[in-house]
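# Reading the structure
Chain by chain, the residues run as shown.
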Amino acid sequence: MILHRYFARRFLTVFLSILTVFALFLALLDLVDQLRHFGSDVSFGEVVYLTLLNLPSGLYEILPLVMILATAALFLMMARSSELVVVRAAGRSGLAALAGPVAVALVISAVSVAILNPIVAATSRQSSDLSESYKSDGASTISIGREGLWLRQGGADGDTVIRAARANPDATVLYEVSFVEYEAESGPLRRIEAEEAALEDGAWVLSNAKAWPLQSGRSPEGMSERFERLELPSDLTRNGIRDRFGKPSSVAIWDLPEFIDGLEMAGFSARRHIVWLQMELARPVFLVAMVLVAAGFTMRPARLGRTGLHVLAAVLLGFGLYYVRNFAQIMGENGQLPPILAAWIPPIASLLLALGLVLQMEDG
């Protein structure tokens, strides 16, 4: 146990050191990008705040790479100090030396999924909202709850709040829908209810609609109007709506099951969110596979040479497995693979491949 704790402590130290370096590097790159993007439109403090909001998302994405580099750095240091030789001379196998790093990788993976994932969801959503508010006065937002689908679209004259009981899968056709138009300074202007609203060429086309004026001093029912067809300008697009409510990463993993139920009740396809949920649950398996991949190339005596080539091979193989994982995710989202298979097969295959590399290294 003392040996396992020693390896675990060394791995955790190296992992945190590499993660800190990457955090500083990502923060600097994103800061420069935000300054170039917004220019003098926003203050430097607001740009720094946006950069800090984007940082957790960036670190969450590069965790597999950090795992590979931390494992490679650990075993290269131990090989140069002959610690691995001493461990093997004491009768311990390479697999026993991996127990500590693998245990730490599992803990880090569990913490990242249970704690970092909700943080990433909250910060990325807030960063997106702030960026849109800096770009324009009115931002379009969307949310789904028990009361149905809610949309807010901005415009030059004010905002419009939209509520629908149901919608088609891409939210371009709304059913039992109501629109409440607001002026920028005077408040509610008009309320419209319709059986159906379809998004066509930059406008909502309402069928069987009824409109009530909401200005003070006027009788809403007495001034109401009926329309068989009514067009309301909109800056929303099919892709814009899909991006706003269709990013599974913007929903915390603890809220995903309820969010998926809400999507399906509202008539939306929740396949993307189901695939994302399963992939997040499989993330610990994939990160452990990255540790084993790096160990399979670097748990060797330093005297054998070609160290840099082996580290490069470990990184390239890790990128290849990461690409396969993302490709399977796309196939799952498109319906070409069942969500569970798309999420779990690549991590499990990566783990078995990495374990084979380690066993091959141990045998010879």
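Below you will find a few notes about this structure. Along each chain, residue indices are assigned from 1 in the same order as the chain's sequence is written. Residues qualify for local features only when their pLDDT is at least 70, as the model is predicted, and side-chain atom pairs are given and counted only at 80 or more; totals for whole chains, interfaces and linings, by contrast, use all residues. Only hydrogens and water are removed before side-chain values are computed, so all heavy atoms of the structure are retained for them.

## So, the overall build of the chain
Broken down by element type, the chain carries 10 helices and seven strands. Put simply, 63% of the contacts in the chain that link residues at least 6 apart link residues at least 24 apart. Helix and strand assignments follow DSSP, with helices taken as H or I runs no shorter than four residues and strands as E runs no shorter than two, numbered in order from the N terminus. We call two residues in contact when some of their heavy atoms are within 4.5 Å.

## Some remarks on helix 9 (residues 307-333)
Three- or four-residue spacings in an α-helix give side chains the same orientation, since the helix completes a turn every 3.6 residues. Expected helix span is taken as 1.5 Å per residue step, with the number of steps being one fewer than the number of residues. If you check helix 9, its first and last C-alpha atoms are 39 Å apart, about what 27 residues at 1.5 Å a residue would give, namely 39 Å. When accessible area is computed with a 1.4 Å probe and restricted to protein chains, residues below 20% of their type maximum are described as buried, those above 50% as exposed, and intermediate ones as partly exposed. Of all the residues in helix 9, the buried ones are H310, V311, A314, V315, G318, L321, R325, A328, Q329 and G332. Residue G335 follows helix 9 closely and has a positive phi angle near 85°.

## Thoughts on helix 8 (residues 271-298)
End to end, helix 8 covers 39 Å across 28 residues, agreeing with the expected 40 Å (1.5 Å per residue, within 8%). Taken as a whole, helix 8 carries its principal kink of about 45° at A282; the proline P284 stands between one and four residues after it. Counting buried positions along helix 8 gives 24 out of 28 residues, so the element sits mostly inside the fold. Take the seven residues that end at a residue and the seven that start at it, fit an axis to each, and the angle between those axes is the bend at that residue.

## Side note on unusual backbone geometry
Phi angles above zero are rare outside glycine, and E176 is one such case at about 50°. Considering the arrangement of structural elements, one finds E176 in strand 4 (residues 173-183). A residue is classified by how much of its surface remains accessible, and E176, at 48% relative accessible area, is partly exposed. Residue N208 is not a glycine yet carries a positive backbone phi of 50°.

## Examining the nonpolar core
Ranked by size, the top nonpolar core spans 56 residues in total, and within it F11, F15, M67, F75, L98, L292 and M299 carry the most contacts. In terms of residues, this core owes the most to one element, helix 8, which gives 12 residues. Apart from residues no more than four positions distant in its own chain, M67 is found in contact with F11, F15, A105, I108, S109, L287, M290 and V291. By size, the runner-up hydrophobic cluster in this structure holds 19 residues, among which are A167, A197, A209 and L230. Remark: nonpolar core denotes a set of buried residues (Ala, Val, Leu, Ile, Met, Phe, Trp, Tyr, Cys) joined through side-chain atoms within 4.5 Å.

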